[in-house]
Amino acid sequence: PELLDADLRRLHQRLRTPGDPLHRSATLPVNLPGLVLRHRVADGEHYVYVEDRGLNRLAGFTVFNRVIELNRRADRVLRSPHTRIAPEYRRHGIASAVYGWALEQGMCLISGPRQSPAAYALWHKLAQHHPLRYVHLQDKRLTHLGPHVASEVLEDFHTRMVLWGVGWDEGRLQAAGCYS
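Keep in mind the model is a prediction, meaning the values are calculated, not measured.

Draft legend 1. Molecular detail of the overall build of the chain. Within the chain one finds six helices and nine strands. Rg of the C-alpha trace for the chain: 17 Å, near the compact-globule value of 16 Å for 180 residues, within the 12% margin. By its C-alpha atoms, the chain is 45 × 30 × 30 Å across when sized along the principal axes. With 180 residues in all, the chain has 47% of them scored as buried.

Draft legend 2. Structural detail: the environment of Met 107. Examined against the element boundaries, Met 107 turns out to sit in the loop between helix H3 (94-104) and strand S6 (108-110). On the basis of relative accessibility, which here comes to 9%, the residue Met 107 falls in the buried class. Separated by 51 residues in sequence, Met 107 and His 158 place their C-alpha atoms 21 Å apart. Not counting residues within four places of it along the chain, the set of residues in contact with Met 107 comprises His 46, Phe 64, Arg 79, Ala 102, Leu 163 and Gly 165.

Draft legend 3. Examining unusual backbone geometry more closely. Phi is positive for Asp 43, close to 55 degrees, though the residue is something other than glycine. Position of Asp 43 relative to the elements: it lies in the loop between strand S2 (35-42) and strand S3 (45-52). The residue Asp 139 is not glycine, and still its phi comes out positive at about 55 degrees.

Draft legend 4. Summary view of the sheet that holds S3. In space, the nine strands of this open sheet follow the order S1-S2-S3-S4-S5-S6-S9-S7-S8, with mixed pairing throughout. Pairing within the sheet leaves two strands with one partner each, and these edge strands are strand S1 (26-27) and strand S8 (141-146). For strand S7 (residues 132-138) and strand S9 (residues 159-163), the ladder comprises five bridges, and the chain directions are antiparallel. When the bridges of S9 are listed, Tyr 134 appears paired with Met 161. Packed onto the sheet, helix H1 (residues 2-15) meets S2, S3, strand S4 (57-65) and strand S5 (78-85) and runs at close to 90 degrees relative to S4. Here helix H4 (residues 117-126) sits on the sheet in contact with S5, S6, S7 and S9, set at roughly 40 degrees to S9.

Draft legend 5. Highlighting the nonpolar core. One finds Leu 37, Tyr 49, Phe 64, Ile 94, Val 98, Tyr 99 and Leu 109 to be the most contacted residues of the largest nonpolar core, which totals 40 residues. Elements with a minimum of two residues in this core: H1, S2, S3, S4, H3, H4, S7 and S9. With eight residues, the top contributor of residues to this core is H3. If we skip the residues at most four places from it in the chain, Tyr 49 touches Leu 11, Leu 15, Leu 22, Ser 25, Val 36, Leu 37, Arg 38, Arg 40, Leu 58, Gly 60 and Phe 61.

Draft legend 6. Seen up close, the state of the cysteines. Applying the stated criterion to the full structure yields zero disulfides. Free cysteine Cys 108: the closest other cysteine sulfur is in Cys 178, separated by 7.1 Å. Taking the relative accessible area as the measure of exposure, Cys 178 reaches 1% and is therefore buried.

Draft legend 7. Inspection of the side chain of Arg 160 at higher detail. Along the chain, the position of Arg 160 falls in strand S9. Although Arg 160 is buried, it makes no salt bridge; Glu 69 carries the closest opposite charge, 4.6 Å away. Reaching out from Arg 160, the side chain makes a polar contact with the backbone oxygen of Ser 111 at a distance of 3.4 Å. Residues in contact with Arg 160, not counting those within four places in the same chain, are Ile 110, Ser 111, Gly 112, Pro 113, Arg 133, Tyr 134, Val 135 and Leu 137.

Reading the values: rules and limits
- Residues numbered from 1 in each chain as written.
- Predicted model: local features only at pLDDT ≥ 70, side-chain atom pairs only at ≥ 80, totals over all residues.
- Heavy atoms only, no water.
- Helix = DSSP H or I, 4+ residues; strand = E, 2+ residues; numbered from the N terminus.
- Rg over C-alpha atoms; globule rule 2.2 N^0.38 Å.
- Buried < 20%, exposed > 50% of the residue type's maximum accessible area, 1.4 Å probe, protein only.
- Contact = heavy atoms within 4.5 Å.
- Pairing = 2+ DSSP bridges.
- Axes fitted to C-alpha atoms, helices over the stretch in contact; angles between N-to-C directions.
- Core = buried A, V, L, I, M, F, W, Y, C linked by side-chain atoms within 4.5 Å.
- Disulfide = S-S within 2.5 Å.
- Lys, Arg positive; Asp, Glu negative; His and termini not counted.
- Salt bridge = Lys/Arg side-chain N within 4 Å of Asp/Glu carboxyl O.
- Polar contact = N/O pair within 3.5 Å; in protein donor to acceptor, adjacent residues only side chain to side chain.

Have a look at this one:
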């Protein structure tokens, strides 16, 4: 918690410092009462900062990372989200709102090799509105496994989940070179 708090304080200071790239971050039209979401893109990665203006602090942030294990064509389409939220802001719908915003913008999300139970639940909650598929990622190639997998496949280190952003479907992902 202390490291997270220090990171949040440092990032919030940068958001408030004229001339810093974070200071110019665009505000997102996401409705989270009392919170303002700010977005920037750097080197193909998307950053969303969640600011509590009332308490003048950063509540958390999400980075939509590029995935070095992907081939170039899939790298253009898929991003892996990583979120850090201050303990007092957890379970307030922040990650749901941020991931939902990304999916509505047409961003496709791929999970990491391991997820917490809370992250796994979040992805399945988002799957109520966005298609979720399982894939096998190895040797920079994604193999589509379908909407359901056996528990032993799910536990394999190379099995990931993919949430399709608005406008994406299996055919478009195949045509974009994401799946082998």
